Amino acid sequence: MRKQIVAGNWKMNNDYVDSELFVSKLLKELKHSKAEVIIAPPFTSLLASSNSVKGSRVIVAAQNMHFAENGAYTGEISAAMLQSVGVKTVILGHSERRAYFNETDALLAKKVDTALAHNMRAIFCFGEELEDRKSGNEETIVEGQIKNALFHLPASAWEHIVLAYEPVWAIGTGETASPQQAQDMHAFIRQTIANQYSADLAAEVSILYGGSVKPANAKEIFSKTDVDGGLIGGAALDVEQFTAIINAF
Ligand code: 13P
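So, here's what we can say about the structure.

The rules we used
- Residues numbered from 1 in each chain as written.
- Predicted model: local features only at pLDDT ≥ 70, side-chain atom pairs only at ≥ 80, totals over all residues.
- Heavy atoms only, no water.
- Helix = DSSP H or I, 4+ residues; strand = E, 2+ residues; numbered from the N terminus.
- Buried < 20%, exposed > 50% of the residue type's maximum accessible area, 1.4 Å probe, protein only.
- Core = buried A, V, L, I, M, F, W, Y, C linked by side-chain atoms within 4.5 Å.
- Contact = heavy atoms within 4.5 Å.
- Pairing = 2+ DSSP bridges.
- Axes fitted to C-alpha atoms, helices over the stretch in contact; angles between N-to-C directions.

## Structural notes on the environment of Ile-146
Then step 1. Within the element layout of this structure, Ile-146 appears in helix H7 (residues 138–150).
Then step 2. Note on Ile-146: relative accessible area 0%, which makes it buried.
Then step 3. For the pair Ile-146 and Leu-26, spaced 120 residues apart in the sequence, the C-alpha separation amounts to 33 Å.

What follows is the structure, encoded as structure tokens:
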């Protein structure tokens, strides 16, 4: 079901103690809002965070997971391990995973399958690089990323998929896609899904924007028809900024 979501991706920030402080402050400051609130702490804080948010409307997500059920994958974390600490949502395909850990569309398709096989929700990230946008290739790139990792899924799987369009040139750079650029791409993404599945299905998919979302620009970006919320990096590390972005809805 399409809904408004504000998700904070902490990346490799906040140790166990920082995470606990953040969550307790967030729960105090969070007012009623229409948007679903998600935080994605590092693995070492998942158990404590998911215990701390119990009974609140904050949802804890992981930033990554392996596709295999278990086995000889030193340093990796499985879907079942995430579920054993109360985590049912996982971010997959972040551009930093793609760029620094060689995650390909084919690998991500396997991760998505594993998440869905475990009844987890995947927040699937994708987005073009600066040179793609400069050369006018952004739609081709984005379409390919979605198609290669997700179009093998049956229509019924899509209720467990949230999309996050994160243009690489806007991540951590302070340079945001303009609200219109975000809207144009989100409309293109929805149309791409409608072409493959149906307009009804496409209308139900939540598509988040990520890339230098701040309290100052969140309202305008979120006001766009096809933008259903944000995946926030830097500004999600500060409770005041994060709650201001949530309250932008
Ligand atoms: P910034 O908000 O820091 O640009 O990061 C966006 C992001 O990568 C969220 O996943």
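On we go from here.
## So, the nonpolar core
Nonpolar side chains in soluble globular proteins tend to be buried together.
Then step 1. Leu-150, Trp-158, Leu-163, Ile-189 and Phe-242 are the most contacted members of the largest nonpolar core, which has 67 residues in total.
Then step 2. No other element matches the six residues that helix H8 (residues 179–196) contributes to this core.
Then step 3. The residues contacting Leu-150, other than those within four sequence positions of it, are Val-112, Phe-124, Trp-158, Ile-161, Leu-163 and Tyr-197.
Then step 4. If you look at the next biggest cluster of nonpolar residues, it comprises 12 residues, including Ala-7, Ala-40, Ala-61 and Leu-231.

## Structural notes on the sheet that holds strand S2 (residues 36–40)
Then step 1. Spatially, the eight strands close up into a barrel ordered S1-S2-S3-S4-S5-S6-S7-S8, and their pairing is parallel. Pairs of neighbouring strands in the sheet enclose a mean axial angle of 25 degrees, with direction left out of account.
Then step 2. Sheet analysis places strand S4 (residues 89–92) next to strand S5 (residues 121–126), joined by four bridges and oriented parallel. Its bridge partner lying in S5, Thr-89 is registered against Arg-121.

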